[in-house]
Amino acid sequence: MDLIKNGKLLKTLRKEKGMTQKMLAEKLGVVPKTVSKWETGNGFPDVSVLSKLSEILGVNEKSLLSGTLTENKTATGNIQRTKFYVCPCCGSTMQGIGDCSLICCGKLLQPLQVNALDESHAPMITEIDNDFYIEFPHEMRKEHYLRFVWYIGFDRVLTLPLYPEQDCAVRIPKVYGGKLVYYCNQHGLFAYPLSARR
């Protein structure tokens, strides 16, 4: 372990979060001098502190231990490779292109896998003027409903939230070649290519 390298990373991450050494120390329950010691390479956080430190700084423990953040160059620039994440605690949704580590409510989120389409999740699409009007034969009760619909085009991701007890329908600008991705709170993620409509 290269303590100087680890220290530089800790300092960079702390500054990115807009925290002073004192602020970080208070969150961790240590004295500011301890944080200074870590950042100058004269020590490293104890295992009991590492998990909370990674949560506060928004990186995984492996990155803190190695002293490096790995760049994901393989999938950059390809919006069609967008991955979707939903926090099981608060319900927040996030998107990322390629491999990334997303943490919400203290939990590392896994990308959602697309399920096989079935009748209750298949969209019905009508063309109205310059829009697609998309309806789903899906119930919209508090216990079971579609939460989000995303349209992924060649240059954008459009997020449309849905709520229980409203119509299960959305309207989006008519653009071919994209795909719909939507999330059911009981059955997970589904996808439908709009290119099939041409």
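Throughout what follows, the structure given in this document is the object of discussion.

Rules and cut-offs
Counting from 1, residues in each chain are numbered in the order their sequence is written. With the structure being a predicted model, the display of local features is reserved for residues of pLDDT at least 70 and the display and counting of side-chain atom pairs for 80 or more, all residues being used for whole-chain, interface and lining totals. No hydrogens and no water enter the side-chain calculation; it runs on all heavy atoms of the structure. Paired strands, as defined in this entry, are two strands with at least two bridges between them according to DSSP. For helices the rule is a DSSP run of H or I covering at least 4 residues; for strands it is a run of E covering at least 2, with both sets numbered from the N terminus onward. What counts as an axis is a line fitted to C-alpha atoms, over the stretch in contact for a helix, and the angles between N-to-C directions run from 0 to 180 degrees. Using a 1.4 Å probe on the protein chains alone, a residue whose accessible area is under 20% of its type maximum counts as buried, one over 50% counts as exposed, and one in between counts as partly exposed. Any two residues whose heavy atoms approach within 4.5 Å at even a single point are treated as in contact. As used here, the term nonpolar core means buried Ala, Val, Leu, Ile, Met, Phe, Trp, Tyr and Cys residues forming a set that is joined through side-chain atoms within 4.5 Å.

Bringing the sheet that holds strand β9 (residues 169–173) into the picture now. Sheet architecture is open: three strands sit in the order β5-β6-β9, paired in antiparallel fashion. Both edges of this open sheet fall to β5 (124–128) and β9, since each of them pairs with a single strand only. The sheet shows a mean angle of 25° between the axes of neighbouring strands, taken without regard to direction. Across five bridges, β5 lies against strand β6 (residues 131–135) in antiparallel orientation. Directly across from isoleucine 128, in β6, lies its bridge partner aspartate 131.

Moving on, we come to the sheet that holds strand β7 (residues 146–152). If you walk across this open sheet you meet the four strands as β8-β7-β10-β11, and the pairing is antiparallel. The open sheet has two free edges, formed respectively by β8 (157–161) and β11 (188–193), since each of these has just one partner strand. Looking at each pair of strands side by side, their axes are set apart by 20° on average, direction ignored. For strand β10 (residues 179–184) and β11, the ladder comprises six bridges, and the chain directions are antiparallel.

So, about the pairing of strand β1 (residues 82–86). Here β1 lies mainly inside the structure; four of its five residues are buried. In the sheet, β1 pairs with strand β2 (residues 93–97) via five bridges, with the strands oriented antiparallel. When the bridges of β2 are listed, lysine 83 appears paired with glycine 96. Counting the residues that bridge the hairpin from β1 to β2 gives six residues, and of these glycine 91 lies at a positive phi of roughly 85°.

A separate point is the environment of phenylalanine 136. With respect to the helices and strands, phenylalanine 136 occurs in the loop between β6 and β7. Once the C-alpha coordinates of phenylalanine 136 and histidine 121 are considered, the two residues, 15 residues apart in sequence, prove to be 6.4 Å apart. The residues contacting phenylalanine 136, other than those within four sequence positions of it, are His121, Ala122, Pro123, Met124, Leu146, Val149, Cys168 and Tyr182.

The nonpolar side chains of a soluble globular protein tend to be buried with one another. Among the nonpolar cores identified, the biggest contains 19 residues, and Ile134, Leu146, Val149, Ile172 and Leu180 are the most heavily contacted of them. At the level of secondary structure, the elements contributing two or more residues to this core comprise β6, β7, β9 and β10. In this view, valine 149 contacts Phe136, Leu158, Thr159, Leu160, Leu162, Val170, Leu180, Val181 and Tyr182; residues no more than four positions away in its chain are not counted. Core analysis: the next-biggest nonpolar cluster, separate from the first, contains 16 residues, Leu13, Ala25, Trp38 and Leu53 among them.

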